[in-house]
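A structural walkthrough
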Amino acid sequence: MRLIVGIVIVLVSVFGGYAAMGGHLEVLWQPFEAVIILGAALGAFFIANPPSVLKAAGGIFATLFKGPRYDKASFLELLGLQYTLFKLAKGKGNLALEAHVENPGESSIFAQFPRFAADKHAVEFMCDYLRMITLGTENAHELESLMDEELETHHQEHERIVSAVQALADGTPALGIVAAVLGVIKTMGSIDQPPEVLGGLIGGALVGTFLGVFVAYGFFGPMAQSLRNTYEAEAKYYLSMKAGLLAHMAGYAPAVSIEFARKALMTEVRPTFIEVEQSTAALQPGAAG
């Protein structure tokens, strides 16, 4: 909805303002100028980016429409999962986690948290590091460095997508100039025409410059920033897991460990201490299962 509202505001402000000041909207209808600019931008996009980015590009609009995948309820569930896992490990030892880590799809614990269980990458992240703990990893600093390396790689994968869209925003104004220059060349070939014809041709050429700047700053640039904000918000999901796991390794009680995890979240989606306490209280009977 936010994306649609933004697009409508941009379109109404630009074209509505132009029409209100007496401009003729039909002059802006230059489809071949759009083909030159957007077609060249698409070709440059294919040249510049690896197959992984091109494949991910298909989901850009879905990401923009939906926004961050994780809401407050998702984070509350994540904290509940960590509490349950850490309570079991405290009560029966880290080896008690092994059956759940090795077969998360059949785990009675993971089954209690369906949103998390459906997130393949999150399950993999959590299970990989819990597995290392069950195998006897004791150096929290080394584990933290490994987590940071994985999270940085994940961030770079997302940043490549953001950079690809930002490159479109940076390049389309110049492609608009290319379209305008081609329009001028076309106009010079009709220099013997009367002024009213030349005026239309020159106006059509200038639409190329307008269109290149318009799509760059009205759409591609804001889209890149929206993607960046979404990916940064989603990264907090993994940072929360990291904080909780490291606190558990440090020997803190489950309630304290998930407080470390809670504090890693952004304020707009961070559950309160009371909300977490109430949620985990409901999980306590099955924590040792």
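Quick notes on the rules
- Residues numbered from 1 in each chain as written.
- Predicted model: local features only at pLDDT ≥ 70, side-chain atom pairs only at ≥ 80, totals over all residues.
- Heavy atoms only, no water.
- Helix = DSSP H or I, 4+ residues; strand = E, 2+ residues; numbered from the N terminus.
- Rg over C-alpha atoms; globule rule 2.2 N^0.38 Å.
- Buried < 20%, exposed > 50% of the residue type's maximum accessible area, 1.4 Å probe, protein only.
- Contact = heavy atoms within 4.5 Å.
- Phe/Tyr/Trp six-rings, centres within 6.5 Å; stacked < 30°, edge-to-face > 60°.
- Salt bridge = Lys/Arg side-chain N within 4 Å of Asp/Glu carboxyl O.

With that settled, the discussion passes to the overall build of the protein chain. When helices and strands are tallied, the protein chain shows 13 helices and zero strands. Order of helices (α) and strands (β) in the protein chain, N terminus to C terminus: α-α-α-α-α-α-α-α-α-α-α-α-α. For the protein chain, whose C-alpha radius of gyration is 27 Å, the value lies well above the compact-globule estimate of 19 Å for 289 residues. Taken over the C-alpha atoms alone, the protein chain extends approximately 90 × 35 × 30 Å along its principal axes. Considering the protein chain as a whole, with its 289 residues, one finds that 39% of them fall into the buried category.

Here Leu146 is to be found in helix 10 (residues 140–188). Its relative accessible area of 39% is what places Leu146 among the partly exposed residues. Separated by 17 residues in the primary sequence, Leu146 and Tyr129 have C-alpha atoms spaced 9.5 Å apart. With residues near it in sequence (within four places) discarded, Leu146 still touches Tyr129 and Met132.

Turning next to the environment of Ala282. In this structure, Ala282 sits in helix 13 (residues 273–283). The exposure class assigned to Ala282 is exposed, which follows from its relative accessible area of 63%. Considering only alpha carbons, one finds Ala282 and Gly200, 82 residues apart in sequence, at a separation of 72 Å.

Let us now look at the packing of aromatic side chains. The relative placement of two aromatic rings is captured by the distance of their centres and the angle of their planes. A complete count under the given rule lists 13 aromatic pairs for this structure. Ring geometry for Phe125 and Tyr238: centres 5.6 Å apart, planes at 80°, overall edge-to-face. Linking Phe125 in helix 9 (residues 120–134) with Tyr238 in helix 11 (residues 195–249), this pair joins segments that are 113 residues apart in sequence. Here Phe125 and Tyr238 have matching classes, each one buried. Through a chain of ring-to-ring contacts, the aromatic side chains of Tyr70, Phe75, Phe110, Phe116, Phe125, Tyr129, Tyr237 and Tyr238 assemble into a single cluster.

Let us now look at the pattern of salt bridges. Under the defined criterion, the tally for this structure stands at ten salt bridges. Close ionic contact of Glu275 with Lys72 constitutes a salt bridge, the shortest N to O distance being 3.1 Å. Taken together, the residues span a long stretch of sequence, with Glu275 in helix 13 and Lys72 in helix 5 (residues 72–92) at a distance of 203 residues. What makes Glu275 partly exposed here is its relative accessible area of 28%. As a salt-bridge pair, Arg131 and Glu102 come within 3.0 Å of each other at their nearest N and O atoms. Linking Arg131 in helix 9 with Glu102 in helix 6 (residues 98–102), this pair joins segments that are 29 residues apart in sequence. On the basis of relative accessibility, which here comes to 24%, the residue Arg131 falls in the partly exposed class. Judged by its relative accessible area of 39%, Glu102 is partly exposed. Salt bridges sharing common partners tie together Arg69, Asp119 and Glu234.

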